Amino acid sequence: MTLIIKDVKEEFIKDFEALAKKTESSLSIERPKNDDFEQLRKTMLQDLKKPENRAVFERLKNK
């Protein structure tokens, strides 16, 4: 039997791993690859959290 579960929150992965171990079955986890845009977006958001960059953003936002 094959059971496919999609779009599982990261917090439940440990529960599924425990279930697979308890039932002596195999578990395959596929995580979607972040595309280049998504990776760039995350990097830019992290960079924006720096105080010096945030100040520049606030100053430019008001113009």
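In case you missed it, the structure is sitting above this.
Residues numbered from 1 in each chain as written. Predicted model: local features only at pLDDT ≥ 70, side-chain atom pairs only at ≥ 80, totals over all residues. Heavy atoms only, no water.

A.B. asks: Mind showing me how you'd approach the environment of Lys22 here?
C.D. replies: Note that Lys22 resides in helix 1 (residues 13-22). For the pair Lys22 and Lys49, spaced 27 residues apart in sequence, the C-alpha separation works out to 43 Å. (Helix = DSSP H or I, 4+ residues; strand = E, 2+ residues; numbered from the N terminus.)

A.B. asks: Before we go on, may I ask you to explain the environment of Ile5 in this structure?
C.D. replies: Along the polypeptide, Ile5 turns up in the segment before helix 1. The class of Ile5 is partly exposed, set by a relative accessible area of 42%. A sequence separation of 50 residues divides Ile5 from Ala55, and the C-alpha atoms of the two residues are 44 Å apart. (Buried < 20%, exposed > 50% of the residue type's maximum accessible area, 1.4 Å probe, protein only.)

A.B. asks: Please clarify how the pattern of salt bridges should be interpreted in this entry.
C.D. replies: When charged atoms on two side chains of opposite charge get close, those side chains can pair. Taken as a whole and assessed by the stated rule, the structure comprises four salt bridges. In this structure, Lys50 and Asp47 form a salt bridge, with 3.3 Å as the shortest nitrogen-oxygen distance. Note that Lys61 and Glu58 form a salt bridge whose closest N and O atoms lie 3.3 Å from each other. Of the two residues, Lys61 and Glu58 both sit in helix 3 (residues 51-61), three residues apart, roughly one turn of that helix. Residue Lys61 is classed as partly exposed on the basis of its relative accessible area of 48%. (Salt bridge = Lys/Arg side-chain N within 4 Å of Asp/Glu carboxyl O.)

A.B. asks: Whenever I open this one, unusual backbone geometry confuses me. Can you help?
C.D. replies: If a residue is not glycine, its phi is most likely negative; likewise, a peptide bond is most likely trans. The residue Asp7 is not glycine, and still its phi comes out positive at about 55 degrees. Relative to the helices and strands, Asp7 resides in the segment before helix 1. For Asp7, a relative accessible area of 80% corresponds to the exposed category.

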